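# Observations on the model geometry
Listed below, chain by chain, are the residues.
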Amino acid sequence: MIYKDKQSKIIIILDGTTYNTQCEVDGTQKQNEYLISCLNLAGLSSQSCYIINYKNNHSELIEELSSCSGNVIVGFGANILKALTHEKHISKWRGSILTIKVKDRYVKFIPTYDISDIIPDFKLRYIISLDLKKAKQQSEFPELKLPQRTLLTKPSKEDALMFIQRCSQSELCAYDIETANNNIICIGLSYDPNISMSIPTTLEYWNKTDLLDILKALNIFFNNETTVKIGHNISFDNLMLLRCFRIIVKNYQDTMLMHHVCYSEFPKSLAFCTSIYTDEPYYKDELKEWRASNVDANLWTYNAKDACVTLEIYHKLKEQLTMVDNWDTYNDLLLLQEPILYMTASGFNVDMKAIEEHKEYFQKELDKAEALFKEKHGNINPSSSKQLLELAKRNNISIPTKQGRETLDKDAIHKISKKHTIFDEVLAIRTNKKLIATYLSSELDGVDNRIRFSLNSAGTETGRLSSSRSVFGYGFNFQNVPKQIRNIIIPDEGMVFSEVDLVGAEAMVVAYESNDYALIKLFENNDNIHKYTARLIWNCSDEHIDNDKKLKEEKGLHTQSLYFKAKRVRHSGNYKGTWVTLSNQLDISAAEAKKLLHKFYVNSPNLTLWHNIVLKKLSSDRTITTPFKRKRIFFNRLNEGMLREALAFIAQETVVRVLNKGTINFYYDTCYKHKDISIKLPVHDSMLIQHPPEKTEFVHAEIQKHFSVPIKSSYGLTYTIKLEIKTGPNWRDLE
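Before going into details, it helps to say that this report is about the structure given with it. (Residues numbered from 1 in each chain as written. Predicted model: local features only at pLDDT ≥ 70, side-chain atom pairs only at ≥ 80, totals over all residues. Heavy atoms only, no water.)

### With respect to the nonpolar core
Counting residues in hydrophobic clusters, the biggest one holds 222 residues, and the most contacted among them are L189, F222, F423 and W731. Top contributing element to this core by residue count: helix α27 (residues 640–673), with 15 residues. Aside from chain neighbours lying at most four places away, what touches W731 is F478, V481, R486, I489, F497, E499, L681, V683 and L688. With six residues, the next largest nonpolar core counts A534, C540, L562 and A566 among its residues. (Core = buried A, V, L, I, M, F, W, Y, C linked by side-chain atoms within 4.5 Å. Buried < 20%, exposed > 50% of the residue type's maximum accessible area, 1.4 Å probe, protein only. Helix = DSSP H or I, 4+ residues; strand = E, 2+ residues; numbered from the N terminus. Contact = heavy atoms within 4.5 Å.)

### Here's the deal with the sheet that holds strand β8 (residues 183–192)
The strand order across the open sheet built from six strands is β6-β9-β8-β7-β10-β11, with neighbouring strands paired in mixed fashion. At either margin of the open sheet sits one strand with a lone partner, and together these are β6 (150–152) and β11 (252–254). Here the strands of the sheet are splayed against their neighbours by 25 degrees on average, with no regard to which way each runs. In the sheet, strand β7 (residues 172–180) pairs with strand β10 (residues 228–231) via three bridges, with the strands oriented parallel. Each bridged residue has a counterpart across the sheet, and for L172 the counterpart in β10 is V228. Packing of helix α6 (residues 157–168) onto the sheet brings it into contact with β6, β7, β8 and β9 (195–200), and relative to β9 it is tilted by some 130 degrees. (Pairing = 2+ DSSP bridges. Axes fitted to C-alpha atoms, helices over the stretch in contact; angles between N-to-C directions.)

### Comments concerning the state of the cysteines
Going through the model one piece at a time under the given rule, you end up with zero disulfides. In this model C68 remains outside any disulfide bridge; the closest cysteine sulfur is found in C49, 12 Å from its own. Taking relative accessible area as the criterion, C68 reaches 5% and is therefore assigned buried. The closest cysteine sulfur to the non-disulfide-bonded C167 is located on C173, 3.5 Å from its own sulfur. (Disulfide = S-S within 2.5 Å.)

### Things to note about the environment of I100
Secondary-structure assignment places I100 in strand β4 (residues 98–102). Of the residues examined, I100 reaches a relative accessible area of 5% and is grouped as buried. Counting along the chain gives 16 residues from I100 to L84, while the straight-line C-alpha distance between them is 6.8 Å. If we skip the residues at most four places from it in the chain, I100 touches I73, L84, T85, R105, Y106, V107 and F109.

### Points about the pattern of salt bridges
Evaluation of the coordinates by the stated rule reveals 43 salt bridges. For R452, the salt bridge is made with D448, and the minimal N-O distance between the two is 2.7 Å. Assessed through its relative accessible area of 34%, D448 is described here as partly exposed. For K617, the salt bridge identified is with D621, shortest N-O distance 2.9 Å. (Salt bridge = Lys/Arg side-chain N within 4 Å of Asp/Glu carboxyl O.)

### Quick look at unusual backbone geometry
Phi is positive for K154, which is not a glycine, with a value near 50 degrees. Tracing the sequence through the fold places K154 in the loop between β6 and α6. Judged by its relative accessible area of 54%, K154 is exposed. One non-glycine residue, N181, adopts positive backbone phi at about 55 degrees. You can see N181 is positioned in the loop between β7 and β8.

Okay, structure coming up:
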């Protein structure tokens, strides 16, 4: 229903090209429901708004708007944004408080996503509701009341030093850096959300003496433990400050981590956080404008504004963290930042001889494979999806589809390669190419010929650290390095590596969370859970499972062994995986996949009960709490997919917290006391540690002490995850 009260304080403009209020089709009915839902989440109703259905007639739209007396207009979708502002990118401008001229008056305008965008991405329902909530606040008055900030730029030496001193005397101060060519060119500071200064840090601005004085003052400020320094993505800023100026930041907070802990499914950029926690309109394109114009004044203004909004966001996020009740989770992530800084700054020593040997071997294998492929199939480029599609059709190979279109992406090629040797050859060629190009040809850091990486503590919903190439452009994602070439990573001279791995961690968490007595006893007795699963499904002995595993591995068919199948079934069943996924993973028929899952669930009644408990909780308030009291709100559609995601989250977040807590304990205790012992790299459920060989026994004892983190299940049972510790001369050869 359309409500036509022109006295409404809020005017809503819907895109008539995607939305029809007459509900002529099912999709339109769904859009109506989504609109009402978004309004209700924002504390509004359709009766309280004047709704216009725009159909690409700009003059009619302006005429109708001029007859309304609303204080704020909400435009749904990119089409409305472009019609009223000439801007194109709705993802950038949504949530901004803008103004448009409607004949003889200016009216506030807040763009948001189109209602139809919710259909493919349900999470947008909540973002739209946040924009509507902002519109509700703005509807109470007609004036444009944007933040009035004093952005100080082009300071004299005296002004810069006085401002730094003022920041040092403050309880809180936000900071932000801007970089170019791996150098810091200015630092923004803000002790008040409405006051900031951008301080240049280059010899183009200062003479050498003045710059040294400025950097000395900044060093004192950042080392000051009284003032809380607040940044957004501090792992980047702190690493750059250390690298460029040898400045170590103490006593800090991170608004990106705070936001991520509260709402892990939402974007976490400063631009997004600005749009939902402040009234500052979108300004991030100012950085692009500086790069295009190279006018430093533009950059300094941008930098100063970043510092202001970061401080404003911090105050809002303190309230959000308290409301969501995730301070413990956030504090753990914050404690992890110093260890992350150490690992990313120190990097790794590399064995150049091993790199050259691997490169020579894999290049020969690649040359042979490419020559054979060309001989068989002609001038087909194995890296070209288009040419591979032609090759597949020529050989009558059925091509998988994704969203109704034929595809030969990575997953599709893996699937086809199981049945067709052509694509097994393609896979081998691509794998060898990636090994050579990504891992064996990576540029070393020119400063010390070490290899470095980045770690992101907000890269996953669970809090697991994700890896990528370093911020300086060197290195690669260390968590994906194939085991066969890991011997290229070696400890520093006179050192060895030890690696601690959490064994059977996720399965153990599921056993305790589902209160499965048989599984709990199995873990207490250090029995093998995958053999146990095989016994449940196939009613066979351990001897039969071992013999079958050995026989299949000897024939190169390890994925067909009962042990491997049991492992896959256990993982799939724990998280309510589908028979389709299991069928693809094990390359078995749909009937067999269904049969395996049925047998698994029949013998796992407690697991089914746990699934139902989690589903009931999701249906109640969409919030799941893990054993370490981390609360996560799920914003997607309530369906089987969300249930699978929630089940996996409970186990994975718990395991991540054990690894992170162990890392924190080991770093702040063992590494602080023993400077020749250091943490080096987290990989999934393990941590790599470097130490002198004569301290191996001591390090292993310290690992057991710090990584044996107690977990309390939902049923009040306390347990620890078994640790496996290996030691060796390089990252590959650990035993």
